[in-house]
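Here's the letter readout for the chains.
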Amino acid sequence: MAKKKLVVLTGAGISAESGIKTFRDSNGLWEGHDVMEVATPEGWQKNKKLVLDFYNQRRKQSLEVEPNGAHFGLAALEKDFDVTIVTQNVDNLHERAGSTNVIHLHGELAKSQSTLDPSLVYELDHWEIKLGDKCEKGSQLRPFIVWFGEMVPMMEPAARAAQEADIFAVIGTSMLVYPAAGLIQYTAEEIPKYIIDVKIPKIGHINNLIKIEDFASSGVGKMMSMIEVSK
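Please read these numbers as outputs of a predicted model, since none were measured by experiment.

**Section: helix α4 (residues 48–64)**
Phase 1: The terminal C-alpha atoms of α4 lie 25 Å apart, and with 17 residues this matches the ideal 24 Å at 1.5 Å per residue to within 8%.
Phase 2: Within the sequence span of α4, burial applies to Val51, Leu52, Phe54, Tyr55, Asn56, Arg58, Arg59, Gln61 and Ser62.

**Observations concerning the domain arrangement of the protein**
Phase 1: For the protein, the assigned domains are domain 1 (1–20 + 67–106 + 152–230) and domain 2 (21–64 + 113–145).
Phase 2: Domain 1 and domain 2 are separated by 26 Å when their C-alpha centres are compared.
Phase 3: Contacts between the two partners involve 12 residues from domain 1 and, on the opposite side, 7 residues from domain 2.
Phase 4: Buried area between domain 1 and domain 2, summed over both chains or domains, comes out near 760 Å², and the portion from carbon and sulfur atoms is 53%.
Phase 5: At 3 residues, helix α1 (residues 12–16) tops the list of elements feeding residues into the side of domain 1 that touches domain 2.
Phase 6: Split into classes, the residues belonging to the side of domain 1 that touches domain 2 amount to 4 nonpolar, 6 polar and 2 charged.

**Structural notes on the sheet that holds strand β10 (residues 193–197)**
Phase 1: Strand order in the open sheet made by the 6 strands is β5-β4-β1-β9-β10-β11, with parallel pairing throughout. This sheet does not close on itself; its edge strands, each paired only once, are β5 (102–104) and β11 (209–213). Mean inter-strand twist for the sheet, computed between neighbouring axes without regard to direction, equals 15°.
Phase 2: As paired strands, strand β1 (residues 5–10) and strand β9 (residues 167–171) are joined by 5 bridges and run parallel to one another. By the bridge assignment, Thr10 is partnered in β9 with Ile171.
Phase 3: Against the sheet, helix α7 (residues 155–164) touches β1, β4 (82–87), β5 and β9, its axis set at about 135° to β1.

**Here we look at the environment of Lys211**
Phase 1: Note that Lys211 resides in strand β11.
Phase 2: Accessibility expressed as a relative area gives 57% for Lys211, which makes it exposed.
Phase 3: For the pair Lys211 and Asp34, spaced 177 residues apart in the sequence, the C-alpha separation amounts to 32 Å.
Phase 4: With sequence-adjacent residues up to four places away left out, Lys211 is seen in contact with Ile195 and Ile200.

**Considerations on the nonpolar core**
Phase 1: The biggest cluster of nonpolar side chains holds 23 residues, and the ones touching the most others in it are Leu9, Val86, Leu105, Phe168, Val170 and Leu183.
Phase 2: Of the residues forming this core, the biggest block, 5 residues, is contributed by α7.
Phase 3: If sequence neighbours within four positions are ignored, Leu105 has contacts with Leu9, Val86, Thr87, Gln88, Val146, Val152, Met154, Met155, Ala158 and Ala180.

Rules behind the numbers
- Residues numbered from 1 in each chain as written.
- Predicted model: local features only at pLDDT ≥ 70, side-chain atom pairs only at ≥ 80, totals over all residues.
- Heavy atoms only, no water.
- Helix = DSSP H or I, 4+ residues; strand = E, 2+ residues; numbered from the N terminus.
- Expected span 1.5 Å × (residues − 1).
- Buried < 20%, exposed > 50% of the residue type's maximum accessible area, 1.4 Å probe, protein only.
- Domains from an automatic or database assignment.
- Contact = heavy atoms within 4.5 Å.
- Buried area = accessible area lost by both parts, 1.4 Å probe.
- Nonpolar A, V, L, I, M, F, W, Y, C, P; charged D, E, K, R; others polar.
- Pairing = 2+ DSSP bridges.
- Axes fitted to C-alpha atoms, helices over the stretch in contact; angles between N-to-C directions.
- Core = buried A, V, L, I, M, F, W, Y, C linked by side-chain atoms within 4.5 Å.

In structure tokens form, the structure reads like this:
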């Protein structure tokens, strides 16, 4: 018998418990920086060194933190469910916890990308990209991050996954950043949809919505108890 498909959209709230700061905790500033300076193509053109240094520090920080109970809980669900994680996060905590099918909507800290040819993406085995580090075509490497104002190439496979879901969950996201926030609209009306957050975001009427107002780790535990019954 085929496993039920569980699709989970995760945001900054799931990584916050591992010690990674979120936009919404700091009035739109990311580690003291205006996001327009460090997370837009214009910011990159204006000051490449600032942008590289910013992501180098984020990359270094991500190596110092560990997955938490929410990450491990979702990975454990692969035993009984066909799980797809769609994450807005650029860290690799889901993978480190054992999740094997992760779609990163906003890129990945652990990779670099050619500024000349976006299809040239490289795994990093260190935390630093420097000015002068170049791709095989001779252009400066940039963080493999989808910045504000750029296309979200992984949105299409994420939307397909949402359409095929038997169960859908949203964990630790403000539901304010589009197109990711619209993924729940792709799901079938009749399937159960869980939303887990310390502060449940305001969203319009959604059929079969189950709200779990809790931290990600304990909220995932509660959801696991509920969906185990539905296997």
